[in-house]
Amino acid sequence: MPLVKRYANNPILTKNDVPYEVATVHNAGVTKYNNQYIMLFRSHKLNGRSILGLARSTDGYHFKVEEKPFLEPATRGEFAEYEAFGVEDPRITFIEGEYLITYSAYSKHGVRIGLAKTKDWQTVERVSLITEADYRNVVIFPEKFNGLYARLDRPHSEISPWSMWISYSPDLKYWGKSKLIMKPETYHWDEMKIGPGAPPIKTEKGWLNIYHGVFPTMDGSVYRLGVALHDLNDPSKILGVGDNWILQPEEPYEITGYVHNVVFTCGAVAENNGTLKLYWGGADSVMCAGTANISDLIDLCLNNSRKPL
Ligand code: BMA
């Protein structure tokens, strides 16, 4: 049995559902707000640069897109310089009554991470650029640890390529106490790159981290999803990393598209019945959904694991 069961009517959102002109709908952060599912998705405009659009749903599968984009590159202020090439891959964390949104900000200076926030999904306020260049995939934990916010992130360097780190902050603006916690594993499905995917989900056994891993082939890279479990009180401690991937590109809308052979997640929603809804971009073109038993994912982390480092 596959660990992630695809929704029967995937893809759940495509460019045809968007009332303004876009080339793709993918890599969406998803959360719950009152009785709604909120999907903040990335779209390429026809100039190849990305914006973020908003869609709402009552069942987590049928989404209706708002008339206008939710977040477009800033044109004024300190953010404008760093968002000129687009905003990408949002992640959403609900903490202390607010939804925090982290996103990749692209410009001629490289890729940085922007932090914005909203309380009501009507208005959005930019808080800060929270990394220098060459970071992507920042996810913030929905709880504080010893009074500090915590995030997983993915800086890149040639000596230690595309690995996962943890950092802490007293105020969401200044981050430090950084530590490397997980690296790609040689000749493994995630050997080239790993990066945090969905913001961590709290379970009885630990924080469930659904991440992406990349494997290089003669036909380009393949993006798959895997899981790791972090200690509840000390999320820098990884209890286990699942040895097998939990999802790989298999359906036509995951194999072919803007970038072929990609499943890429920015969000999952834990439900009350022990399952989660997982959302992923298929081939950087469409949005897909599926479900998984949280206990199966934990089991993979703990009982069929590879070492984090
Ligand atoms: C990564 C990011 C993602 C994208 C993936 C596959 O480097 O750019 O946004 O989904 O590549 O193209």
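Just so you know, these numbers come straight off a predicted model, no measurement behind them.

Q: Which residues make up the sheet that holds strand 13 (residues 176–182), and what values do they have?
A: Whenever strands of a sheet pair, they do so through backbone hydrogen bonds, lying parallel or antiparallel. Reading across the sheet, the four strands line up as 10-11-12-13 and stay open at both edges, with antiparallel pairing between neighbours. This sheet does not close on itself; its edge strands, each paired only once, are strand 10 (135–140) and strand 13. Direction aside, the axes of adjacent strands within the sheet are offset by 25 degrees on average. Of the pairings in the sheet, the one linking strand 12 (residues 164–169) to strand 13 comprises four bridges and is antiparallel in character. When the sheet's bridge partners are listed, W165 is paired in strand 13 with L180.

Q: Describe helix 3 (residues 294–303), listing the residues and the values that go with them.
A: Every buried residue belonging to helix 3 is among I294, L297, I298, L300 and C301, and all of these are buried. Down the axis of helix 3, the buried side of the element spans an arc of 155 degrees, and every buried residue falls inside it.

Q: Mind laying out the nonpolar core, listing which residues take part and the relevant values?
A: Counting residues in each nonpolar core, the largest one holds 24 residues, and the members touching the most others are L208, I210, V227, I246, L276, L278 and W280. Of all the elements in the fold, those that place two or more residues in this core are strand 16 (207–217), strand 17 (220–230), strand 19 (263–270), strand 20 (275–282), strand 21 (286–293) and helix 3. Of the residues forming this core, the biggest block, five residues, is contributed by helix 3. Here L208 is in contact with P200, I201, T203, V227, A228, L229, L276, I294, L297 and C301, once residues within four sequence places are set aside. In terms of nonpolar packing, the next biggest core, distinct from the first, is built from 21 residues, I12, V30, M39 and F63 among them.

Q: How would you summarise the sheet that holds strand 1 (residues 5–6) if you had to cite specific residues and measurements?
A: Read across the sheet, four strands follow the order 1-21-20-19 without closing on themselves; strand pairing throughout is antiparallel. Both edges of this open sheet fall to strand 1 and strand 19, since each of them pairs with a single strand only. Direction of pairing for strand 1 relative to strand 21: antiparallel, over a ladder of two bridges. Residue pairing in the sheet places K5 in a bridge with T291 of strand 21. Of the strands in this sheet, strand 19, strand 20 and strand 21 are in contact with helix 3, which crosses strand 21 at around 80 degrees.

Q: Describe the site of the ligand, naming the residues involved and giving the relevant values.
A: Around the ligand lies a shell formed by N27, R42, D89, R136, K193, Y223, V259, V262, F264 and D284. Between the ligand and N27 there is a distance of 2.9 Å, counted from an oxygen atom to a side-chain nitrogen or oxygen. Interatomic distance of 2.6 Å between a side-chain N/O atom of D284 and an oxygen atom of the ligand. Relative to its unbound accessible area of 310 Å², the ligand is 82% covered by the protein chains. Tallied by class, residues from the shell around the ligand come to four nonpolar, one polar and five charged.

Q: Help me get a handle on the packing of aromatic side chains, residues and values and all.
A: For the coordinates displayed, the defined rule picks out 12 aromatic pairs. Between F63 and Y279, the aromatic rings sit 6.3 Å apart at their centres with planes inclined by 85 degrees, giving edge-to-face as the arrangement. Of this pair, F63 sits in the loop between strand 4 (50–57) and strand 5 (64–65) while Y279 sits in strand 20, and the two are 216 residues apart along the sequence. The exposure classification of F63 matches that of Y279, with both residues buried. What links up through ring pairs into an aromatic cluster is the set Y33, F70, F94, Y99 and W121. Above the face of the Y82 ring, R112 is positioned so that its terminal group lies 4.3 Å from the ring centre.

Conventions adopted
Per chain, residues are indexed from 1 in the order of the written sequence. The predicted nature of this model means local features are confined to residues of pLDDT at least 70 and side-chain atom pairs, given and counted, to a pLDDT of 80 or more, with totals for whole chains, interfaces and linings taken over all residues. The basis for every side-chain value is the complete set of heavy atoms in the structure, and neither hydrogens nor water enter the calculation. Two strands are said to pair when DSSP picks up at least two bridges between them. The numbering of helices and of strands both runs from the N terminus, where a helix is a DSSP run of H or I of at least 4 residues and a strand a run of E of at least 2. With axes taken as lines fitted to C-alpha atoms, and helix axes fitted only over the stretch in contact, angles between N-to-C directions fall between 0 and 180 degrees. A simple rule labels every residue: compare its accessible area, found with a 1.4 Å probe on the protein chains alone, to the largest value its type can have, and call it buried under 20%, exposed over 50%, or partly exposed in between. When we speak of the arc, we mean the arc of directions from the helix axis to the C-beta atoms. For this analysis, a nonpolar core means a set of buried residues of the types Ala, Val, Leu, Ile, Met, Phe, Trp, Tyr and Cys, connected via side-chain atoms within 4.5 Å. Any two residues having at least one pair of non-hydrogen atoms within 4.5 Å are treated as being in contact. The rule for a residue being near a molecule or strand is that one of its heavy atoms must lie within 4 Å of it. Each polar contact in these results corresponds to two N or O atoms within 3.5 Å; when the atoms are within protein, one needs to be able to donate a hydrogen and the other to accept it, and residues that are neighboring in sequence are counted only if both atoms are side-chain atoms. Where accessible areas are quoted, they stem from the Shrake-Rupley method and a 1.4 Å probe; at the residue level, only the protein chains shown are allowed to cover. Under the scheme applied, nonpolar residues are Ala, Val, Leu, Ile, Met, Phe, Trp, Tyr, Cys and Pro; charged residues are Asp, Glu, Lys and Arg; polar residues are all the others, including Gly. Any pair of Phe, Tyr and Trp rings, taking the six-membered ring for Trp, is counted once the centres come within 6.5 Å. Such a pair is stacked with planes under 30 degrees apart, edge-to-face with planes over 60 apart, and tilted for the rest. Charge-over-ring contacts are defined here by two conditions on Lys NZ or Arg CZ: a distance within 6 Å of the ring centre and an angle within 35 degrees of the ring normal.

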